[in-house]
Amino acid sequence: MPSVELVGVTKRFGRKTALDNVSLRVEDGEYAVVLGPTGAGKTTLLRIVAGVLKPDAGEVRIGEAVVNDIPPDERGVALFFQNFALFPHMTVLDNVAYGPRMRGLPEQDCIRIAREMLDLVHLLERANSMPHELSGGMQQRVALARALATGANLLLLDEPLSQLDARIGEELRYELRRFVKDLGLTAIHVTNDVDEAMAVADKIVVLKRGSVIQVGSPEEVYLKPKTPFVASFVGEATVFEAIVRAVDSERVRVEAMGVEIMAYAQGFSGGDLVVAAIRPESIRLLREAEPALANRLEVTVERISFIGGMLRVECGVVGTDLKLLSLVPDEENVELAEGEKLFASFSPEEVSIYPYPSEGLFRELSLE
Ligand SMILES: Nc1ncnc2c1ncn2[C@@H]1O[C@H](COP(=O)(O)OP(=O)(O)OP(=O)(O)O)[C@@H](O)[C@H]1O
Ligand SMILES: [Mg+2]
């Protein structure tokens, strides 16, 4: 199965630069997810790999061969979209057998491949149904089986789950990964859904305004975000600007809206304008103030919501406009109430400090 590499790929539409000098490598057999907000250039990137769009500059390599001048149907890729329509007048089996038939394979091989792919997506027993007799999630699985049956070994998935009901989408995301791994394919899946990316990726490529911001495993991108944008977009971190007030060999003390926070960080000097980020599960909410804690802020609980066994608690730091988001396991804090005063605490190791972005923090965090 092929590796894929983009080297210095740039694509412009008029004055708009959709991809700006993008380089990335997806290994043979890897499940890569390109994660970015709307307009980041995700679809453009996939279309360039598929060959339906030509880059203005740079090289595309599939399995080490430069494919810039190779037409789409000779690249061994299957491009799969969210609203991939099935042929409505053909049975499920004929839909899936379509690709192999177009390749001119003997009829018994076409049927065998189609049945294997339907088995893989758990829809073999619906082989003789018509598409309209299936649910949306089933139709999507048939469409996937059809894409897989083309014999392509590089699967390009453009927001493949976004049209589905949330629960079905969640189920299908694990299946997608399983198909890719079982068949030994290489996959590039693009999405703006962070949870989806975290759940299926071997490697996440964070794309923003046409540029690659960070490449890493889901853990790396989540735990060691390279920029305030990644901290905020991927980790839902509380991100705010601050001024460095004091430094020693390993730590800095920063101030934001009159609140002082200790962090482990190097390379900063007193007076620097910086950005601080704290991940929500690093922020503990306590009833009692333990005086020994380095970072201990008095907060008011503003909003509580429940997600997947966790409480998502938005707090305001008393006497300031600073807001903190905390995620706490449900069972520990069942008694929390909106309006309640608590202490938010987080260790200096859990505060990330970044240089202030040249374009300003608002633009840095913007999803546009
Ligand atoms: N054919 C085109 N003509 C002009 N501009 C385009 C064209 N295709 C894409 N663009 C622009 O290029 C940028 C990147 O678009 P692209 O569709 O790749 O983003 P995306 O990350 O897939 O977004 P979404 O999450 O909304 O699908 C956008 O600003 C878009 O408006
Ligand atoms: Mg898109």
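For the structure, check the block above.
Residues numbered from 1 in each chain as written. Chains lettered and ligands numbered in written order. Predicted model: local features only at pLDDT ≥ 70, side-chain atom pairs only at ≥ 80, totals over all residues. Heavy atoms only, no water.

1. Section: the overall build of the chain
Applicable threshold: Strands are runs of DSSP state E lasting at least two residues, helices are runs of H or I lasting at least four, and both sets are numbered from the N terminus onward. Exposure categories follow from relative accessible area, calculated using a 1.4 Å probe and restricted to protein chains: below 20% of the type maximum is buried, above 50% is exposed, and the middle band is partly exposed. In this analysis, two residues are considered to be in contact whenever any of their non-hydrogen atoms come within 4.5 Å of each other.
If you tally the helices and strands in the chain, you get nine helices and 20 strands. For the chain, the spread of C-alpha atoms along the principal axes amounts to about 75 × 50 × 35 Å. Residue burial in the chain is summarised as follows: out of 368 residues, 51% are buried. For the chain, contacts bridging at least 24 residues in sequence account for 66% of all contacts bridging at least 6.

2. What about the side chain of E340?
Short version of the rule: Any pair of N or O atoms that falls within 3.5 Å is considered a polar contact. Within protein, one atom must be able to donate a hydrogen and the other to accept it, and sequence-neighbouring residues count only if both atoms are side-chain atoms.
Position of E340 among the secondary structure elements: in the loop between β18 (323-329) and β19 (341-345). A distance of 2.9 Å separates the side chain of E340 from the backbone nitrogen of A337, its partner in a polar contact. Beyond its immediate sequence surroundings of up to four residues, E340 is in contact with R287, V299, T300, V301 and E335.

3. Comments concerning the nonpolar core
Heads up, the condition is: To define a nonpolar core, start from buried Ala, Val, Leu, Ile, Met, Phe, Trp, Tyr and Cys residues and group those joined through side-chain atoms within 4.5 Å. Just so you know, the domain bounds were taken from an automatic or database domain assignment.
By size, the foremost hydrophobic cluster in this structure holds 49 residues, and its most contacted members are Y31, V96, M117, L118 and L155. Mapping this core onto the domain boundaries places at least three of its residues in each of domain 1 (4-228) and domain 2 (229-365). Not counting chain neighbours up to four residues away, the residues in contact with M117 comprise V96, A145, L148, A149 and L183. In this structure, F240, I283, L322 and L342 belong to the second largest nonpolar core, which totals 33 residues.

4. Quick notes on the packing of aromatic side chains
Our working rule: Only rings of Phe, Tyr and Trp enter the pairing, Trp through its six-membered ring, and a pair is recorded when the two centres are within 6.5 Å. The plane angle decides the type: under 30 degrees is stacked, over 60 is edge-to-face, the rest tilted. Charge-over-ring contacts are defined here by two conditions on Lys NZ or Arg CZ: a distance within 6 Å of the ring centre and an angle within 35 degrees of the ring normal.
Summed over all chains, the structure comprises two aromatic pairs. Judged by centre distance (5.3 Å) and plane angle (15 degrees), the ring pair of F229 and F233 falls under stacked. Here F233 and F229 lie together in helix α8 (residues 228-235), a separation of four residues that amounts to about one turn. Summarising the burial analysis for this pair, F229 and F233 share the class buried. Its end group placed over the ring of F87, R146 keeps NZ or CZ at 4.6 Å from the ring centre. Over the ring of F229 we find K208; its NZ or CZ atom is 4.6 Å from the centre of that ring.

5. Here's the deal with unusual backbone geometry
Even without being glycine, E64 reaches a positive phi, approximately 75 degrees. Its place among the elements puts E64 in the loop between β4 (57-62) and β5 (65-66). Since its relative accessible area comes to 48%, E64 is described here as partly exposed.

6. Remarks on the pattern of salt bridges
Here is the rule: One speaks of a salt bridge when a side-chain nitrogen belonging to Lys or Arg is within 4 Å of a carboxyl oxygen belonging to Asp or Glu.
For the coordinates displayed, the defined rule picks out 27 salt bridges. Among the ionic pairs, E30 bridges to K203, the shortest N-O distance being 3.2 Å. One end of the pair, E30, is in the loop between β2 (16-26) and β3 (31-35); the other, K203, is in strand β9 (residues 203-208), and 173 residues separate them in sequence. Overall, the relative accessible area of 13% leaves E30 in the buried class. In this structure K203 comes out as buried when scored by relative accessible area, which is 14%. Residues E255 and R245 are paired through a salt bridge, measuring 2.8 Å at the closest nitrogen-oxygen approach. Placement of E255 in strand β12 (residues 251-256) and of R245 in strand β11 (residues 238-247) is noted, with a sequence separation of ten residues between them. Ionic contacts of the salt-bridge type, sharing partners, join the residues E5, R25, E27, E59, R61 and E64 into one network.

7. Some words on helix α4 (residues 136-149)
At 3.6 residues per turn, the α-helix brings residues three or four places apart onto the same side. Put simply, the test is: Given the number of residues in a helix, its expected span is that number minus one, multiplied by 1.5 Å.
The terminal C-alpha atoms of α4, which comprises 14 residues, lie 20 Å apart, in line with the 20 Å expected from a rise of 1.5 Å per residue. Judged by how many residues are buried, α4 sits mostly within the fold: eleven of 14 residues are covered. Those residues of α4 that sit buried are G137, Q140, R141, V142, A143, L144, A145, R146, A147, L148 and A149. For α4, the elements touching its buried residues are β6 (77-81), α2 (92-102), α3 (107-120), β7 (154-158) and α5 (166-182). Remark: G151 follows α4 within two positions and exhibits a positive phi of approximately 85 degrees.

8. Observations concerning the sheet that holds strand β1 (residues 4-13)
Convention followed: DSSP bridges decide pairing: two strands pair if at least two such bridges lie between them. Only the contacting stretch of a helix is used when fitting its axis, a line to C-alpha atoms as for every element, and angles between N-to-C directions run 0 to 180 degrees.
Strand order across the open sheet formed by four strands is β2-β1-β4-β5, with antiparallel pairing between neighbours. Each edge of the open sheet is held by one strand with a lone partner, namely β2 and β5. Direction of pairing for β4 relative to β5: antiparallel, over a ladder of two bridges. Across the sheet, R61 pairs through a bridge with V66, a residue of β5. Sitting on the sheet, helix α1 (residues 42-50) touches β1, β2 and β4, and the angle it makes with β1 is about 120 degrees.

9. Here's the deal with the environment of L285
Residue position: L285 is located in strand β15 (residues 284-286). Expressed as a C-alpha distance, the spacing of L285 and V301, which sit 16 residues apart in the sequence, is 9.7 Å.

10. Structural notes on the site of ligand 1
We apply this condition: To be near a molecule or strand, a residue needs just one of its heavy atoms within 4 Å of it. Each residue gets one label: Ala, Val, Leu, Ile, Met, Phe, Trp, Tyr, Cys and Pro are nonpolar, Asp, Glu, Lys and Arg are charged, and the others, such as Gly, are polar.
All residues adjacent to ligand 1 are F13, K16, A18, P37, T38, G39, A40, G41, K42, T43, T44 and E159. At 2.8 Å, a backbone N or O of G39 approaches an oxygen atom of ligand 1. Contacts to ligand 1 include T43, whose side-chain N or O atom sits 2.8 Å from an oxygen atom. For the shell around ligand 1, the secondary-structure elements that each account for two or more residues are β2 and α1. For the shell around ligand 1, the element with the highest residue contribution is α1, accounting for three residues. Grouping the amino acids of the shell around ligand 1 by side-chain chemistry returns four nonpolar, five polar and three charged.

As far as function goes, none of this settles anything; it's purely spatial.
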